[in-house]
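Structural description and commentary
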Amino acid sequence: MRILLVEDDAEAAAYAAKGLRDAGHVVDHALDGESGLNMATSGGYDAYVIDRMLPKMDGLSLLSNRREEGDETPALFLSALGEVDDRVSGLKAGGDDYLVKPYAFSELLARIEALGRRRAAPTDVVTRFKVGDLELDVLTRTVRRAERKIDLQPREFRLLEYLIRHAGQVVTRTMLLENVWEYHFDPQTNVIDVHISRLRAKIDKDFDKPLLKTIRGAGYRLSDAE
Amino acid sequence: MLRILRTTSFRFTLIYVVLFASAVALLGVYLYNATFGEAAKQTDAVIDSEISVLADLFSTSGSGMLTRVIRQRTAWSDDAIYMLIGAPSGAVLAGNLTALPPEALTAEGGFFNFKFEKPLVDAAGREVGIQQREARGKMMRFRASADAEQSYLVVVARDVASREFLRERSRSVVTRAALVTVAFGVVIGLIFSRTLLRRVEVVSKTARAIRGGDLSQRIPTTGSGDELDDLGSNLNAMLDQIERLMAGMREVSDNIAHDLRSPLTRIRNRLNNALEGDAEAKDAALRATIDDSEKVLATFNALLSIARIQSGEGAGVMKPIDIVAIAEEMAELYEPAAQDAGFDFKFIAAPTPQIKGSRELVSQAVANFLDNALKYADGGTRIELSVGRSKSGGAVLSVADDGPGIAPENRERVFERFVRLEQSRSTPGSGLGLSLVSAIARAHGAKLELSDGLPHAEGGGCGLRISMTFAPGD
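Within chain B one finds 10 helices and 12 strands. Burial status across chain B gives 25% buried among its 474 residues. Summarising the internal contacts of chain B: among those between residues at least 6 apart in sequence, 63% fall at separations of at least 24.

Moving on: the sheet that holds strand E8 (residues 142-145) of chain A. Residue and element names in this part refer to chain A. Within the open sheet, the four strands sit side by side as E6-E7-E8-E9. Their pairing is antiparallel. The two strands at the open ends of the sheet, each matched to only one other strand, are strand E6 (128-131) and strand E9 (148-150). In this sheet, neighbouring strand axes are inclined to one another by 25 degrees on average, regardless of whether the strands run parallel or antiparallel. Sheet topology note: the E6/strand E7 (residues 134-137) ladder contains four bridges and is antiparallel. Looking at E7, one finds that Arg-128 is bridged to Asp-137.

Turning our attention to the interface of chain B and chain A. At the interface, 19 residues of chain B touch 17 residues of chain A. Every element with two or more residues in the side of chain B that touches chain A is listed here: helix H6 (279-310), helix H7 (323-340) and helix H8 (359-376) of chain B. Take the side of chain B that touches chain A: its biggest share by element is seven residues, from H8 of chain B. Of the residues contributing to the side of chain B that touches chain A, the split by class is seven nonpolar, five polar and seven charged.

Before going further, it helps to spend a moment on the confidence of the model for chain B. Residues and elements named next belong to chain B. The share of residues in chain B with pLDDT of 70 or more is 92%, and the mean pLDDT across the chain is 80. Note that residues 418-428 has pLDDT below 50 and, in this model, 14 contacts with residues that lie over four places away or in other chains. Both confidence scores are given for the complex: pTM 0.59, ipTM 0.75.

Attention shifts here to the pairing of strand E11 (residues 447-455) of chain B. All names here are of chain B. Note that E11 and strand E12 (residues 462-470) share seven bridges and pair antiparallel. When the sheet's bridge partners are listed, Ser-451 is paired in E12 with Arg-465. Once E11 ends, the chain turns through six residues before running back antiparallel as E12, passing Gly-459 with a positive phi of about 95 degrees.

Residues and elements named next belong to chain A. Pairing analysis gives three bridges linking strand E10 (residues 170-172) to strand E12 (residues 219-222), with the strands arranged antiparallel. Residue pairing in the sheet places Val-170 in a bridge with Arg-221 of E12. Here strand E11 (residues 212-215) runs beside E12; their pairing, made up of four bridges, is antiparallel. Along E12, the bridge assignment pairs Leu-212 with Leu-222. In this structure, the hairpin formed by E11 and E12 is closed by a connection of three residues, where Gly-217 is found at a positive phi of approximately 70 degrees.

Another aspect to go through is the sheet that holds strand E7 (residues 344-349) of chain B. Residues and elements named next belong to chain B. On the basis of which strands lie adjacent, the open sheet formed by five strands has the order E7-E9-E10-E12-E11 and mixed pairing. Two strands close off the open sheet at either side, each with one partner strand: E7 and E11. With direction set aside, neighbouring strand axes in the sheet form an average angle of 15 degrees. For E7 and strand E9 (residues 382-389), the ladder comprises six bridges, and the chain directions are parallel. Within E9, the position partnered with Ile-348 by the bridge is Ser-386. Contacts between H7 and the sheet are confined to E7, E9 and strand E10 (395-401), with E7 contributing the most and set at about 175 degrees to the helix. Its contacts with the sheet place H8 against E9, E10 and E12, and it is angled at close to 15 degrees to E10.

Conventions and cut-offs
- Residues numbered from 1 in each chain as written.
- Chains lettered and ligands numbered in written order.
- Predicted model: local features only at pLDDT ≥ 70, side-chain atom pairs only at ≥ 80, totals over all residues.
- Helix = DSSP H or I, 4+ residues; strand = E, 2+ residues; numbered from the N terminus.
- Buried ≥ 20, exposed ≤ 12 C-beta atoms within 10 Å, placed from the backbone.
- Contact = placed C-beta atoms within 7 Å.
- Pairing = 2+ DSSP bridges.
- Axes fitted to C-alpha atoms, helices over the stretch in contact; angles between N-to-C directions.
- Nonpolar A, V, L, I, M, F, W, Y, C, P; charged D, E, K, R; others polar.
- pLDDT = per-residue confidence, 0-100.

Right, here's the structure in full:
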């Protein structure tokens, strides 16, 4: 992916850019809002990562500006402001995701890749998903693995739906908490891990090949690959 | 004094006075015309018709008849004035005027006003003096035929002295009333603007004091509940909020200074030492530093959240929330983790009134209760999350466990920032969890309470119950 990173803290930006490059992405970096806007206008990016507080032009204005021009490149806001209202204003300005500083790099990477995926997805609504021999049908709300029906609780279904929609990508605990439970705070105990292990017991336990993997220090990934 | 003239209220008063005075003047003019104007016109009409009657009489019956009729009329009527003079001889043939008014000759054929003297007669008919009267009338010249040498001058008039007197009186009364109104208005206006000005001055003085740095100053209110009082209490409420925010900010910066200085110092010292050491020591120091900075960041975030909730900023919009649904969701989120940790988890929901609040914050508080129960209820076997109606009719959320609990004398201290009781020193955590919950409770006007939890299976002790009681909504 070609990523535009707009961040005024050079050191933080260098750290993020290095990590993203190591993960195989191309990163351009702008130090202030105006040059960020200029670079975004020249086009060709797959995702924007924009700090909210920037010199010359703040992140919200930058993105609203691009959105007014019809630019639909997915964007993620980075911000030290983490309360719900700030999050809402970020999303209103056209942001697709919001990450509060300080963040773990794995969290940033997972979210950027999720954004890229969202863009690459075909525009028709997909209602059936498949990873290996695991199938999920959103309309009939059924899950099968190797043609065998698996009964899931409603929340387990939503959890699996989120994972399967982001199949092949790392999904962090915070992403799950935000998207499956709609909470924006981090519990101090391993509540998500326990939900994952319950889900795993249903979809992986009786089968040869585990699909739901734990990625150390990052989160989880549902994938058919080894 | 000059300041008063510049005040809005005085200007309003002035405009009001001018408008009111104009209204009075208009009313006066109207009344004047409707009464005296009408009366004058009527008098003129009567005089004209009288003259035409006399003219008819003269042309049909001659001067002798005219003389007789005029004599008769003067005898009957008191305020009717007639005079018949034969010309050119100048002999007064009939009438009650002693002399021909000089105005009569110049205004021949038209109306004229004149003064005349009238004897003052007492009840017995004796003359006791002379009275100055005023009258209005017309003088006509009658001739038997166009070329007749002999002509008669006829004066027909009406005494208008009493009417004139009344007219003068009314005019001066109306004028005086208008003047008094204006004067009164100006005085009242001055008093009003002075009073108002004094009260505004108080607001202004308070503002100056506050600008000077004394944030505790408040605008005194009179308790009358008028607009100025309203303004005062609104400004006071605003000042309260500002003071609270400033205090919050100060507290946050104090806390940041206090709570972050020591770990940062530790990091610096460790890195300093590592510079001297070998590669292995450096690695160890770096890893420890990463761990420490994670903790610093967590502390920092927690402090920031607390400050934002306290300032009312993080609460977002308080709207009606279904507290049972929130508890149910949290139960669903935590139950597996509790079971995995070896607890028997129970969720008890009773009908609960709706409250106003933030779903996010209330959920966060419940999550904190449950996190604490999971972390600190060592050796316990049960965790209970319950929601229901409080005694006072509000909603109450509580989490109880049968862990070691907290001794009653220590319970109060738990809510203070960074207080981590001796027994729990070894468990990870910033110690800010309950401070956060307490900020959330304050933002919702809710009450936090620690009490006895679930009884231990043996030994007669009990665990801890933490409950958050929301005041009944409206």
